[in-house]
Amino acid sequence: MRAFVFPGQGAQVVGMGRELAEAYPAARAVFAEVDEALGESLSDLVWNGDIETLTLTQNAQPALMATSVAAFRALEAEGFGIQDADFVAGHSLGEYSALCAAGALSLADTARLLRLRGQAMQEAVPVGQGAMAAVLGLDFAAVDQIARDAAEGEVCQAANDNDPGQVVISGHKAAVERAAVLAKERGAKRALMLPVSAPFHSALMQPAAAVMGRGAGGGRDRRAGSAAGGQCPRRAGERAGRHPPALGRAGDGRGALARVGRVPGRRRRDGVLGDRRRQGAVGDDQAHRQGCGGEECGRAADIAALRA
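Conventions adopted
Residues numbered from 1 in each chain as written. Predicted model: local features only at pLDDT ≥ 70, side-chain atom pairs only at ≥ 80, totals over all residues. Heavy atoms only, no water. Helix = DSSP H or I, 4+ residues; strand = E, 2+ residues; numbered from the N terminus. Buried < 20%, exposed > 50% of the residue type's maximum accessible area, 1.4 Å probe, protein only. Areas by Shrake-Rupley, 256 points an atom, 1.4 Å probe, with all protein chains shown as cover. Pairing = 2+ DSSP bridges. Core = buried A, V, L, I, M, F, W, Y, C linked by side-chain atoms within 4.5 Å. Contact = heavy atoms within 4.5 Å. Phe/Tyr/Trp six-rings, centres within 6.5 Å; stacked < 30°, edge-to-face > 60°. Polar contact = N/O pair within 3.5 Å; in protein donor to acceptor, adjacent residues only side chain to side chain.

Regarding the overall build of the protein
What the protein contains, in helices and strands, is 11 helices and 12 strands. Counting all 308 residues of the protein, 54% fall into the buried class. Of the roughly 12900 Å² of accessible surface on the protein, a fraction of 49% belongs to carbon and sulfur atoms.

Looking at the pairing of strand β2 (residues 87-90)
Looking along a regular strand, one sees side chains alternate from face to face of the sheet. Side-chain alternation along β2 places Phe-87 and Ala-89 on one buried face and Val-88 and Gly-90 on a second face that is also buried. Two strands pair when backbone bridges link them, and strand β1 (residues 3-6) and β2 are joined in this way by 4 bridges, in the parallel orientation. When the sheet's bridge partners are listed, Phe-4 is paired in β2 with Val-88.

As for the environment of Phe-87
Residue position: Phe-87 is located in strand β2. In this structure Phe-87 comes out as buried when scored by relative accessible area, which is 6%. Spatially, the C-alpha atom of Phe-87 lies 6.4 Å from that of Phe-4, the residues being 83 residues apart in sequence.

Some thoughts on the nonpolar core
Formed by 31 residues in total, the largest nonpolar core has its most connected members in Val-34, Leu-42, Val-46, Met-65 and Leu-107. Not counting residues within four places of it along the chain, the set of residues in contact with Leu-107 comprises Val-30, Glu-33, Val-34, Met-65, Val-69 and Cys-100. Grouped together as the second largest cluster of nonpolar side chains are 20 residues, Ala-133, Val-135, Val-143 and Leu-182 included.

As for the packing of aromatic side chains
By convention here, two paired aromatic rings are described through the distance between centres and the angle between planes. Applying the stated rule across the entire model yields 4 aromatic pairs. Relative to Phe-72, the ring of Phe-4 lies with its centre 5.1 Å away and its plane at 90°, an arrangement referred to as edge-to-face. Taken as a pair, Phe-4 in strand β1 and Phe-72 in helix α5 (residues 57-77) lie far apart in primary sequence, 68 residues in all. The pair formed by Phe-4 and Phe-72 is uniform in burial state, with each residue classed as buried. Ring geometry for Phe-4 against Phe-80: centres 5.6 Å apart, planes inclined by 70°, an arrangement best described as edge-to-face.

A few points about the pairing of strand β3 (residues 130-136)
Burial analysis of β3 places 6 of its 7 residues in the buried class, which makes it a mostly covered element. Where β3 lies against strand β5 (residues 166-172), 7 bridges are found, and the strand directions are antiparallel. In the strand pairing of β5, Ala-134 is matched with Val-168.

Focus: the environment of Phe-140
You can see Phe-140 is positioned in helix α8 (residues 140-151). For Phe-140, a relative accessible area of 18% gives the class buried.

Some details on the environment of Asp-44
Topologically, Asp-44 is positioned in helix α3 (residues 42-48). Owing to a relative accessible area of 42%, Asp-44 belongs among the partly exposed residues under this scheme. It is 9.6 Å that separates the C-alpha atoms of Asp-44 and Phe-31, two residues lying 13 residues apart in sequence.

Looking at the side chain of Gln-12
Relative to the helices and strands, Gln-12 is located in the loop between β1 and α1 (18-23). Among the residues examined, Gln-12 registers a relative accessible area of 8% and is labelled buried. Within the local environment of Gln-12, its side chain forms a polar contact with the backbone nitrogen of Gly-10, the two atoms lying 2.8 Å apart. A polar contact of 3.3 Å, which involves the side chain of Gln-12, links it to the side chain of Thr-55. Setting aside anything within four residues of it in sequence, one finds Gln-12 in contact with Ile-51, Leu-54, Thr-55, Ala-60, Leu-64 and Pro-195.

The structure is reproduced here in structure tokens:
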């Protein structure tokens, strides 16, 4: 089984993608198209800017998507493409990169949606008021209790269940800092503040959902649908609009990759004619537990996939 998995915020670094763009015309074209879609030279910020400006979520989101898709195009140039994968998936904003790589969203639409998403999320919580931290060495239940104990009337939530030994907390900065200290007191191996500019996957992101809902039409792909169950079937473009901030607990993603379908007519890399795979994508909100109610949506198997 092969999967393309695309990263989320926190992976950004100044200079990312530069060598890819220099070595592969297809990768360079990705950055050029994103620059044109946004009406600015995002690539100059990515390659020559400062990390503080790049980390602002309105910049980090389209920048990481552009770099991810550029890497994907470089792989295609080497002969390894989407037809060679069984799944595509993304962690948080990486879901948009996965949808773009799968062809469910155009590159230009994805860039514009992520700029809008980033602006909406940053406006929901001004820089410096929110934070996230990764707790290593404790399970989700323990970190969830720590977050509750540290809240003290503010928002502090166990937000990302990355694996049995790594959980991310999110909320008001002071509360997250208290939680990080408390986690170490209760046996965590480490508690690290993350390089992000807003408290993603927390209730503080709720105002961003309405903004994205109004702006999602331009990125909607009407071929996209829901596969493999989930309480809220919806098109991938609608999902990009109505559920962009991934409010609520984001799951560990195990068992929630989207399997590609197959339609005849394209030669595979191994030379066999007849399998052109249609792609699907799922983000890291696998474990939304509370059903579909606007800001909370889906369950573990909530998957966006393309129909023929």
